[in-house]
Amino acid sequence: MKSFLISFFAVFFLAVLTLAGSSKAQDSSCSNPSSLNLDAIARCLADIQKAYDMSVKATQPLESELNRMQSQINGIKKRVSAIEDDLLAKEKSINESYKNLAKQEEILNRTIRDFYIKSYYNSPILAFLSQASASQITKVLTYQKAATDQDKVIITNIALSISDLEAKKKALKNEQSRLVSVREALDEESAKIGKIVAGAKAYQGTLSGQIAALSAKQQEILTARSGTFTASIGDSELADDYNASIKGFRESAPSGYFAVFSFGGHTHRKGMSQYGARGRAQSGQDYKAILKAYYNKEPVNKDTGGDINVQGLGSMNFEERYLYGIAEMPSTWNSEALKAQAVAARTYALRYKQNGQSICITEACQVFSSSKADNPPQAWKDAVNNTRGQVLEDVVTYYASTHGGFASPIGWDTTDGTGGGNFIDKSYDKLGGSPWLYKAWYTQGYSPSSNKCGRENPYLSSEELADIINAARFRDDRVTPITTSCWGGNPYSHEELREKSNGPSFVSSVTVSQGNGTTNEVIFQTNIGEIRLSGSDFKTAFNIRAPGYLSIPQSGFAFYNIEKK
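Thresholds, definitions, all that
Residues numbered from 1 in each chain as written. Predicted model: local features only at pLDDT ≥ 70, side-chain atom pairs only at ≥ 80, totals over all residues. Heavy atoms only, no water. Disulfide = S-S within 2.5 Å. Buried < 20%, exposed > 50% of the residue type's maximum accessible area, 1.4 Å probe, protein only. Pairing = 2+ DSSP bridges. Helix = DSSP H or I, 4+ residues; strand = E, 2+ residues; numbered from the N terminus. Core = buried A, V, L, I, M, F, W, Y, C linked by side-chain atoms within 4.5 Å. Contact = heavy atoms within 4.5 Å.

Novice: Before we move on, could you go through the state of the cysteines and cite the residues and values that matter?
Specialist: The tally for this structure, following the rule as stated, stands at two disulfides. Here Cys360 engages in a disulfide with Cys365; their sulfurs sit 2.1 Å apart. Because the sign of the S-S torsion sets the handedness, a value of about 120 degrees for the bond joining Cys360 and Cys365 places this disulfide among the right-handed ones. With respect to class, Cys360 is no different from Cys365; both count as buried. Note on cysteine connectivity: Cys453 is disulfide-linked to Cys486, with sulfurs 1.7 Å apart.

Novice: Mind laying out the sheet that holds strand 5 (residues 314-317), listing which residues take part and the relevant values?
Specialist: Spatial ordering of the open sheet is given by 5-4-6, a layout of three strands whose pairing is mixed. Whereas interior strands pair on both sides, the edge strands pair on one side only; in this sheet they are strand 5 and strand 6 (358-359). Pairing of strand 4 (residues 307-310) with strand 5 involves four bridges; the strand directions are antiparallel. Bridge pairing in strand 5 links Ile308 to Met316.

Novice: Tell me about the nonpolar core, residues and numbers included.
Specialist: Counting 43 residues, the largest nonpolar core has Met272, Tyr295, Ile308, Tyr322 and Ile359 as its most contacted members. When contributions to this core are tallied by element, the ones reaching two or more residues are helix 7 (274-282), helix 8 (287-295), strand 4, helix 9 (318-322), helix 10 (335-355) and helix 12 (378-386). Residue contacts for Ile308: discarding those within four places in its chain leaves Gly314, Ser315, Met316, Phe318, Tyr322, Ala349, Tyr352, Lys353 and Ile359. Core analysis: the next-biggest nonpolar cluster, separate from the first, contains 32 residues, Val260, Ile468, Phe474 and Phe538 among them.

Below you can see the structure in the form of structure tokens.
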């Protein structure tokens, strides 16, 4: 057992030392990622990832084997404890036997003395001479022989008992000595197991940290594509992009191509949907009902007089300039939707005013336009004036252009409040005419005129979709968009990533499992069989690897569908 453990640990230590040596070589050139270019980062990451994979590959079976050995050692320890208890019982028995032997020793000494005395006085010649008849001589001799034999038996038995106890005592000392040695060996091997596994895990943790540091490029891509800002409608509605629409896909995409359609676009899906508010207003709801639907609050009156600090513009009147310049909803929309927007914008900005903080003028806060404040459209000015001082208490009034049929915290933003059937047709976003309700995104921003990275549409070939699956199966810092003209880097080719991931080369069909406002799972049929990915895993891989500016631009959730032509 011990020799096997020593051999096993020797092999393992050799593997760990080899990996550690590799890590030291990497550290000298890769420990400062900020000084490396992309090619150097890719090389460093590949080396580190290889070392990490080797360590994990070596550690997992060893850890399993070590766990098995630890279990065996624990079993042996239990058996040792049982043996120890048995030895204690034996020692107790031997000690008791020695106490009894003290009495036997008195008998032995007396018996031996009597035996020799009898041997002298019980001479056959004396018996012959002292008896008158042959029968009496025979009786005497028979009695003397019986007495002698009895003494011999007593002497022999006691002598054997002494010899047996001495042998048992010697064996006991030998077992006790071996027990001490076994216990020391078990404690030593147990300590080795803990040290080796802990060392391997620590080594992998170091490599993981280096990989994370070198993966900043991927995080930049995810940040750029994952809806870190919220689209603003502005003061004019944006026309839909035909190529990004389901109609355009079905009419124009080549046969066998795929497209990923998001339910809503650059949105956090919190609070009010602006297109949803428009749809509700057009359905007959007033602004208080709209606010109640999205925030579960009704407006109350507050003193909102005075000024607010605006970044880059200084202090200005809160009601009659700042709110007049809010450019978040077209002034041509239904007046009830405009009033709901006015209350939401006032409530959002009031926190800054009350705290003496400056509020920014971009989508990160609320979009403010000085030119609009100078000459506010009458419909918007009326909406602000008619709701003057009205705010919602104890709620941050987030809003976004389009929620995709599902809002937080209200749930399904549909006419019947459910997601059953075709929820898109029932959504207030659709009633409000949102161009972003169901869209395949392929431009740098939410405007159809923003940079397209040379792509005319968001359609994906079967091979391109398989490549995204492979990006979900394997990831290092070279898993970035192959369109380096927009993203830079040193990405794998389709063939290289397929080899790295041992993944598919094409996709024949796809099924998407939707949940309560989320995409739960995506199931692909490929040339290597069925592949299942969670909705969030596919979204991450898509936003890291998809060509050009194709994206699922949602912040903090994944709610999309994949269509095939």
